[in-house]
Amino acid sequence: MKIFSTKQIRLADKLTIERQNITSDELMERAGKTVFNWINRQLVNSKVKIHIFCGIGNNGGDGLVVARLLLEQGYDISAYVVNYSDKRSKDFLLNFDRIKNLKYWPELLTEDNDLPRIGANDIVIDAIFGIGLNRPAASWVAAIINHINKSGAFVLSVDIPSGLYMEKAITEKDTVIRANYTLTFQLPKLIFLLPQSGIYTEYWEVLDIGQDAEHLYKEPTDMFYVEKYDVLGVYKPRGRFSHKGTFGHALIIGGSYGKIGAALMCSEAALHSGAGLVTSYIPKCGYQTIQASFPEAMVLTDSEETHISNIKFDITPTAIAIGPGLGKHADTVKAFSDFIIQNKKPLVVDADALNIISENQHLLKAIKGNAILTPHPKELERLIGSWKDDFDKLEKAKQFSKENELVLLIKGAYTVTINKGELYFNSTGNPGMATGGSGDVLTGVICGLLAQGYSLFEAAIMGVYIHGRAGDLAVLRSGVEALTATDIIDFTGDAFIDLLKKNTKDYQENQDNA
């Protein structure tokens, strides 16, 4: 699913109006009705009190459409117009007249008004500001926003939480609605996917308002939200006469005294994601652990007992993951550097391997065009330097990825894959996955896919999706607090089944209807 800029969203509205031969007011009515239908399905004429706060622009016009439809259905509403400017959009005025024709006059709020009473069991619909906001709200409007935030009521925002900017970081945190739920139109918004702005809505959902399909398909963008059918587009089905050699040989290099578990989980995950063969290259101290815990693996050991000192092997892997549990012993740093300089196989670089590279950035030349890097935020900072906000972080990460011709993951709630200047935000995963070892599992899943012949980019977006989906399925059994990295491994197969399940059902239905 594409992610558009403010300019592109406005163009989509404009072309929808032109190509569908409708007015802007009719598009607003469609958007407001879509929001109303969603609310009505949840409440089913409940007697709960609903407060609708509307601005005086098009977002406020959407809010007035919702208020009118709720009123017509007999809901107990109070509608307010936050009168922050003398300028009003044409479609806002049309819908203001329509609700007045029902003999209902929304309350006009100015800086001289008392704040309306909102009960903790009430619902607030936020339609004050939309995507065009580019400066902090006036202090009296901020007071209304804070009043809503402190009310304890359930807050539903229309399109985006009021006070957020679409394409820059907020500067005044107390001027933003904290929504429990946001209903956004047609496509996801970038700000929902970034840590600094995503905290202002607990959940969000995309509502289809029928924007012009041809434009949505053809309009270019460099930002995407990756869902199941995007991943199905790169999935490689297995042939009946394939064998273990068909699916490659993953080599996992890692582990040190006290951290053999990282290499173990990475190795198990590589096998669970489909690699035909997996070999673990570890210090001697981990030999019995991996042989006993993971009998499917082959094991090669370094000459040192506690750390890796010389990466030498007589196998021919098709993909290599390096870093989980590796440590930064002086011998290990030298062994890593020597290995990276001569390696020609596709790599997944994680954990201490990333930290070694950040301290020896000349090594980036050796992996140029041949690696996926999987840093968490602190590891990323060591690689690209500090940033002032999330937008700056993405720009610096894009530049780093381009300059070094690398696929770069930024791990987080919506892990983003950066490839050739494009951003791919993942749709799966949950807070329970913020646990030790989860990143080692991700590295193994991606390496297992690389071993099977997926490209760097394909292995990254598919691996992130499968890893997150396995976590989503595992958490249904364990709960978020008890979820472990090995749970994610255990549910990797379920994630693949889930990936194919609906597709298979749709195929069968099409065959039955043929």
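Data block above holds the structure.
Residues numbered from 1 in each chain as written. Predicted model: local features only at pLDDT ≥ 70, side-chain atom pairs only at ≥ 80, totals over all residues. Heavy atoms only, no water.

Participant: Could you give an account of the nonpolar core, with specific residues and numbers?
Facilitator: If you look at the biggest cluster of nonpolar residues, it comprises 57 residues, and the most contacted ones within it are Ile290, Ile372, Val441 and Met462. A total of eleven residues in this core trace back to one element, the largest contributor, which is helix α17 (residues 456-478). Apart from residues lying up to four places away in sequence, valine 441 is in contact with Met265, Ala269, His467, Ala485, Ile488 and Ile489. Listed in part, the 56 residues of the second largest apolar core include Trp204, Tyr225, Ile320 and Phe336. (Core = buried A, V, L, I, M, F, W, Y, C linked by side-chain atoms within 4.5 Å. Buried < 20%, exposed > 50% of the residue type's maximum accessible area, 1.4 Å probe, protein only. Helix = DSSP H or I, 4+ residues; strand = E, 2+ residues; numbered from the N terminus. Contact = heavy atoms within 4.5 Å.)

Participant: How would you summarise the packing of helix α3 (residues 58-72) against helix α4 (residues 90-100) if you had to cite specific residues and measurements?
Facilitator: One way to put it is that α3 packs onto α4 with a least axis distance of 8 Å and a crossing angle of 20 degrees. Between α3 and α4, the interaxial angle falls into the category roughly parallel. As α3 packs across α4, the resulting crossing turns out to be left-handed. In this structure, α3 uses Asn58, Gly60, Gly61, Leu64, Val65, Ala67, Arg68 and Leu71 to contact α4, whose residues at the interface are Asp91, Phe92, Asn95, Phe96, Arg98 and Ile99. For the contact of α3 with α4, a count of residues per class yields seven nonpolar, four polar and three charged. (Axes fitted to C-alpha atoms, helices over the stretch in contact; angles between N-to-C directions. Parallel < 35°, antiparallel > 145°, perpendicular 65-115°, else oblique. Left-handed = near helix turned anticlockwise from the far one by under 90°. Nonpolar A, V, L, I, M, F, W, Y, C, P; charged D, E, K, R; others polar.)

Participant: Would you mind going over the environment of aspartate 490 in detail, with residue names and values included?
Facilitator: Turning to its location among the elements, aspartate 490 is positioned in helix α18 (residues 485-490). Remark: the alpha-carbon pair of aspartate 490 and alanine 474, spanning 16 residues in sequence, is separated by 8.0 Å.

Participant: Tell me what's going on with the packing of helix α16 (residues 438-451) against α17, and back it up with residues and numbers.
Facilitator: At a minimum axis separation of 8 Å, α16 and α17 run at an interaxial angle of 135 degrees. Comparing their axes, α17 and α16 come out oblique. Here α16 and α17 pass one another in a crossing that is right-handed. Note on element contacts: α17 touches α16 through Leu456, Ala459, Ala460, Met462, Gly463, Val464 and His467, opposite Ser438, Val441, Leu442, Val445, Ile446, Leu449 and Leu450. In the contact of α16 with α17, the residues fall into eleven nonpolar, three polar and no charged.

Participant: So what's going on with the sheet that holds strand β12 (residues 319-322)? Residues and values would help.
Facilitator: An order of β8-β17-β16-β15-β14-β13-β12-β9-β10-β11 is seen for the ten strands of this open sheet, with the pairing classed as mixed. This sheet does not close on itself; its edge strands, each paired only once, are β8 (223-226) and β11 (298-301). Here the average twist between neighbouring strands, direction ignored, is 20 degrees. As defined by bridge partners, strand β15 (residues 407-410) adjoins strand β16 (residues 416-419) across three bridges and the pair is classed as antiparallel. (Pairing = 2+ DSSP bridges.)

Participant: Break down the sheet that holds strand β3 (residues 107-109) for me, citing the residues and quoting the values.
Facilitator: Consider a sheet: its strands pair through backbone hydrogen bonds, and that pairing is either parallel or antiparallel. Within the open sheet, the seven strands sit side by side as β3-β2-β1-β4-β5-β6-β7. Their pairing is parallel. Only two strands of the sheet have a single partner each, and these edge strands are β3 and β7 (201-207). The sheet shows a mean angle of 20 degrees between the axes of neighbouring strands, direction not considered. Strand direction decides the pairing type here: strand β1 (residues 49-54) and strand β2 (residues 76-82), joined by six bridges, are parallel. Across the sheet, phenylalanine 53 pairs through a bridge with tyrosine 80, a residue of β2. Where helix α5 (residues 139-150) meets the sheet, its contacts fall on β1, β2, β3, β4 (123-127) and β5 (154-158), and the angle it forms with β2 comes to roughly 155 degrees.

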